[in-house]
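The residues making up each chain are set out below.
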Amino acid sequence: PDSESLPELRKNVPINFQGNLVKILEGDDCYFLLGNFKGEVMYGKETVGYSESTAGFVFSLDLNFSLIDHVFFESQIIATIADADLSLDQEIIVVGNFVKEIGTTGQKKYGLGGNDIYIAVVNADPSNLVVRQLSTFGGISDEIVSDVSIDGTDVYLAGTFRDETNFGTLSKKAVGSS
């Protein structure tokens with residue numbers, strides 16, 4: 001959203017949770033709120049989700065800030081959203097970090113050790129949020145993603161890793177400590 005509508009959005013969104021709001025994206029006639037929570041997440045007076053561990057959420061809201069749909073990224077230990085952006089195809093590219101396993105409706109992936117990275121493609125249909133693709137990357141050490149940027153059809157990630165990490169068939173060794 002533009003800077004003028006952001007204060008209005010923050011003032012009118014009746015969301016209550018322990019955690020942090022990561023990003024607000026403006027879609028076609030809707031908003032997408034992305035964040036991380038532990039415990040209960042409420043929208044208005046309705047409990048939308050609960051997680052014993054830190055988990056990520058994507059909410060779609062109409063222009064009146066009413067909740068339309070949601071999707072969660074969960075783990076038994078931790079699964080957080082670090083950043084997100086909208087692609088040219090109006091899909092939400094979500095990047096984040098997890099330990100041990102990451103799950104969302106109908107999908108579950110496993111890490112290789114320590115903190116690992118996930119990238120998810122969520123359709124941007126506000127009435128039917130679905131994780132179309134969930135991919136994980138990492139090695140036996142810690143990998144941390146902090147930002148995602150989209151340029152045309154290219155997706156760029158920024159973050160850190162130690163030792164050696166694997167991105168599909170690409171393997172990279174760290175120089176120094178990260």
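It should be emphasised that the depicted structure is a prediction, and the values quoted were computed from it without experimental measurement.

Chemist: Would you explain the overall build of the protein chain in this entry?
Modeler: The helix and strand inventory of the protein chain stands at one helix and 12 strands. If you take every contact in the protein chain between residues at least 6 apart in sequence, the share linking residues at least 24 apart comes to 48%. Accessible area for the protein chain stands at about 9300 Å²; split by element, carbon and sulfur atoms hold 47% of it.

Chemist: Help me understand the pattern of salt bridges in this model?
Modeler: Pairing of side chains with opposite charge becomes possible as their charged atoms draw close. Counting across every chain of the model gives two salt bridges. Asp83 is the partner of Lys23 in a salt bridge, and the nearest nitrogen-oxygen pair spans 3.1 Å. With Lys23 in strand β1 (residues 15–27) and Asp83 in strand β5 (residues 78–86), this pair connects stretches of sequence that are 60 residues apart. Given a relative accessible area of 26%, Lys23 falls into the partly exposed group. Here Arg132 ties to Glu91 by a salt bridge, and the two come within 2.5 Å at their closest N and O atoms. With Arg132 in strand β8 (residues 131–137) and Glu91 in strand β6 (residues 91–104), this residue pair connects regions lying 41 residues apart in the sequence.

Chemist: Looking at this model, I keep getting lost on the pairing of strand β3 (residues 46–61). Mind explaining?
Modeler: On a regular strand, each side chain points to the face opposite its neighbour's, so the side chains alternate between the two faces of the sheet. Taken together, the 12 bridges between strand β2 (residues 30–43) and β3 define a ladder with antiparallel strand orientation. For Met42, the partnering residue across the bridge sits in β3 and is Thr47. Between β2 and β3, which pair antiparallel and follow one another directly, the connecting turn spans two residues, one of which, Gly44, has a positive phi of 65°. Pairing of β3 with strand β4 (residues 67–73) involves six bridges; the strand directions are antiparallel. When the bridges of β4 are listed, Phe59 appears paired with His70. What sits between β3 and β4 in their antiparallel hairpin is a turn of five residues, with Phe65 showing a positive phi close to 70°.

Chemist: Would you explain unusual backbone geometry in this entry?
Modeler: Peptide bonds are, in most cases, trans, and in most cases residues other than glycine have a negative phi. Positive phi, close to 60°, is recorded for Asp29, a residue that is not glycine. By secondary structure assignment, the location of Asp29 is in the loop between β1 and β2. Its relative accessible area of 62% is what places Asp29 among the exposed residues. In this model, Lys100 sits at a positive phi of 75°, which is unusual for a non-glycine residue. Considering the arrangement of structural elements, one finds Lys100 in strand β6.

Chemist: Help me understand the nonpolar core in this model?
Modeler: Within soluble globular proteins, side chains that are nonpolar tend to cluster in buried spots. If you look at the biggest cluster of nonpolar residues, it comprises 22 residues, and the most contacted ones within it are Phe32, Leu34, Val58, Phe73, Ile92, Val94 and Tyr118. For this core, the elements supplying multiple residues, two or more each, are β2, β4, β5, β6, β7 (107–123) and β8. Not counting residues up to four positions away in its chain, the partners in contact with Tyr118 are Phe73, Thr80, Ile81, Val94, Val95, Gly96, Asn97, Phe98, Ile102, Leu134, Ser135 and Thr136. Within the second largest apolar cluster, 14 residues are counted, among which are Leu33, Phe37, Val48 and Leu61.

Chemist: Even after reading the chapter, I still don't get the pairing of β5, so can you show me in this structure?
Modeler: Pairing analysis gives eight bridges linking β5 to β6, with the strands arranged antiparallel. Across the sheet, Ala84 pairs through a bridge with Val94, a residue of β6.

Chemist: Would you mind going over the packing of aromatic side chains with me for this structure?
Modeler: The full count for this structure, using the stated rule, is nine aromatic pairs. Ring geometry for Phe73 versus Tyr118: centroids 5.3 Å apart, planes at 25°, classification stacked. Residue Phe73 is located in strand β4, and its partner Tyr118 is located in strand β7; the two are separated by 45 residues in the primary sequence. Relative accessible area serves as the criterion here: at 0%, Phe73 is assigned to the buried category. For Tyr118, a relative accessible area of 0% translates into the label buried. Among the aromatic side chains, those forming a connected cluster through ring pairs are Phe17, Phe37, Tyr43, Phe57, Phe59 and Phe72.

Conventions and cut-offs
Residues numbered from 1 in each chain as written. Predicted model: local features only at pLDDT ≥ 70, side-chain atom pairs only at ≥ 80, totals over all residues. Heavy atoms only, no water. Helix = DSSP H or I, 4+ residues; strand = E, 2+ residues; numbered from the N terminus. Contact = heavy atoms within 4.5 Å. Areas by Shrake-Rupley, 256 points an atom, 1.4 Å probe, with all protein chains shown as cover. Salt bridge = Lys/Arg side-chain N within 4 Å of Asp/Glu carboxyl O. Buried < 20%, exposed > 50% of the residue type's maximum accessible area, 1.4 Å probe, protein only. Pairing = 2+ DSSP bridges. Core = buried A, V, L, I, M, F, W, Y, C linked by side-chain atoms within 4.5 Å. Phe/Tyr/Trp six-rings, centres within 6.5 Å; stacked < 30°, edge-to-face > 60°.

Keep in mind these numbers describe shape, not what the thing actually does.
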